[in-house]
Amino acid sequence: MTEIIYADNAATTKLDLEAYEAMKPFLLNDYSNPSQPYSFSRRAKKAMKEAREIIAECINAEPDEICFTSGGTESDNWAIKGCAFSLGNKKNIVTSNIEHHAVIRSCEFLKTFGYRTIYLKANKNGIILPETLNNEISENTGIVSVMLANNEIGTIQPIKELAKIAHKKGALFHTDAVQAMGHIPIDVKNLDVDLLSASAHKFNGPKGIGFLYVKNGSKLLSYINGGMQENGLRAGTENIASIVGMAYALKRNVEELTKNINYIRELDTEMVTQLKKANIDFIRNGIEPHLPGNISLSFKGISGEMLLHRLDLMGIMVSTGSACDSTKTQISHVLKAINIHQDYIEGTIRISLSKENTMEDVNCIVSGLTKIILQSDKKSKNYSKYHLAKNMLLP
């Protein structure tokens with residue numbers, strides 16, 4: 001296989017090799033069901049307990065506040081629906097217009113049961129301002145859900161301030177931290193959130209595993225019925241190998257957080273600097289505070305889909321927007337929400353760098369983009385000259 005430059009880390013990340021090694025014993029030898037009472041299950045049970053403790057420590061939670069799930073989508077669905085159905089007559093849900101579809105569609109689903117969703121509008125920089133929530137929340141609001149960091153443009157939200165407003169009105173506060181977990185410091189006690197979603201494959205863990213932080217005392221209905229796993233809240237035999245891998249990957253990223261952030265910011269800054277020097281007409285979407293390495297760029301008069309495919313031919317992997325909408329070509333709801341100028345919006349791509357990327361990768365990506373865009377501009381100018389000359393010859 002030809003070597004590629006992978007710059008779509010917001011979609012998924014490379015599995016940490018040491019996390020993989022930690023998983024192997026529970027796939028090959030210690031494969032028992034941790035719910036069984038015999039001695040063969042002890043190592044699996046112990047490993048799950050330790051993984052829960054590691055994850056809790058990484059986000060300053062208590063171990064019994066960590067519930068294992070199949071990933072971020074399930075965690076979001078469980079948080080929204082589980083809270084809504086447990087809060088009685090509080091039928092209003094408040095979220096934002098730049099959330100992941102796992103949140104937005106969960107809210108839409110609840111309309112069937114008489115719930116009403118209020119969508120807070122992000123400003124042009126992709127930020128949900130506290131005063132916006134303050135103007136829309138009411139005593140009838142049961143849950144507020146605003147993501148910690150946006151998956152498409154990387155903006156980090158003022159979660160602590162938003163949660164404070166929600167709690168003053170007696171509402172629970174949920175944050176989708178799928179894109180942020182393992183990439184910026186997260187302290188659930190400091191943020192004062194009631195629920196938080198995370199997914200392992202976004203921080204170098206395995207796919208198909210995640211967790212939902214549920215603050216002790218929060219009302220939440222069980223999501224899957226059957227057995228009594230996860231304190232009776234989520235039935236089903238636990239995926240021990242993936243749970244171990246997730247905990248190991250998160251711990252590694254948290255331990256190296258400062259180093260990784262500084263390194264990725266260097267790559268981020270260099271890429272934008274080089275593009276500016278190339279005199280390419282583009283805008284960067286989002287504003288600080290910002291996820292390091294999440295670079296949403298909108299190029300004037302260019303097709304983002306064309307850029308993706310041309311870069312792909314060069315062995316460079318990027319995204320045109322939200323990875324979960326990769327089969328669709330319409331403009332994402334996030335880009336529409338922040339009102340990108342019509343001349344630029346269709347030329348949007350997302351480059352998401354990680355600790356695995358290098359300065360050489362950055363140079364190659366900028367070189368590839370520059371080449372494609374300059375060629376496209378040249379063809380456009382030649383096309384315009386041709387039609388001008390043709391029209392001058394007409395009688």
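The rules we used
- Residues numbered from 1 in each chain as written.
- Predicted model: local features only at pLDDT ≥ 70, side-chain atom pairs only at ≥ 80, totals over all residues.
- Heavy atoms only, no water.
- Salt bridge = Lys/Arg side-chain N within 4 Å of Asp/Glu carboxyl O.
- Pairing = 2+ DSSP bridges.
- Helix = DSSP H or I, 4+ residues; strand = E, 2+ residues; numbered from the N terminus.
- Axes fitted to C-alpha atoms, helices over the stretch in contact; angles between N-to-C directions.
- Contact = heavy atoms within 4.5 Å.
- Buried < 20%, exposed > 50% of the residue type's maximum accessible area, 1.4 Å probe, protein only.

1. A few points about the pattern of salt bridges
Under the criterion given, the structure shown has 14 salt bridges. In this structure, the salt-bridge partner of Lys24 is Glu21, at a minimum N-O distance of 3.4 Å. A single network of salt bridges, built from pairs that share partners, joins Asp16, Glu18, Arg252 and Glu256.

2. Points about the sheet that holds strand β2 (residues 66-69)
Read from one edge to the other, the open sheet built from 7 strands follows the order β2-β8-β7-β6-β5-β3-β4, with strand pairing classed as mixed. The sheet is open, and its two edges are formed by β2 and β4 (116-120), each paired on a single side. Sheet twist, expressed as the average angle between the axes of neighbouring strands with direction ignored, equals 20°. Bridge count between strand β7 (residues 195-199) and strand β8 (residues 210-214): 5 bridges; the pairing is antiparallel. Counted as the bridge partner of Ala198 is Phe211 from β8. Seen against the sheet, helix α4 (residues 72-84) touches β2, β5 (141-145), β6 (172-176), β7 and β8 and runs at an angle of roughly 160° to β7.

3. Focus: the sheet that holds strand β10 (residues 294-299)
The 3 strands are arranged β9-β10-β12 in an open sheet whose pairing can be described as antiparallel. The sheet terminates laterally at β9 (282-285) and β12 (348-352), the two strands that pair on one side only. Each strand of the sheet is rotated relative to its neighbour by a mean of 30°, with strand direction disregarded. Relative to β10, β9 is paired through 4 bridges, and the arrangement is antiparallel. By the bridge assignment, Asn285 is partnered in β10 with Ser296.

4. Comments concerning the environment of Phe203
Structurally, the position occupied by Phe203 is in the loop between β7 and β8. Once the C-alpha coordinates of Phe203 and Asn134 are considered, the two residues, 69 residues apart in sequence, prove to be 33 Å apart. Contacts of Phe203, omitting those with residues within four sequence positions, involve Thr13, Met181, Gly182, His183, Met246, Ala249, Leu250 and Asn253.

5. Describing the environment of Ile283
Mapped onto the fold, Ile283 is located in strand β9. Residue Ile283 is classed as partly exposed on the basis of its relative accessible area, which comes to 32%. Separated by 84 residues in the primary sequence, Ile283 and Ser367 place their C-alpha atoms 18 Å from one another. Apart from residues no more than four positions distant in its own chain, Ile283 is found in contact with Ser296, Leu297, Ser298, Ile340 and Tyr344.

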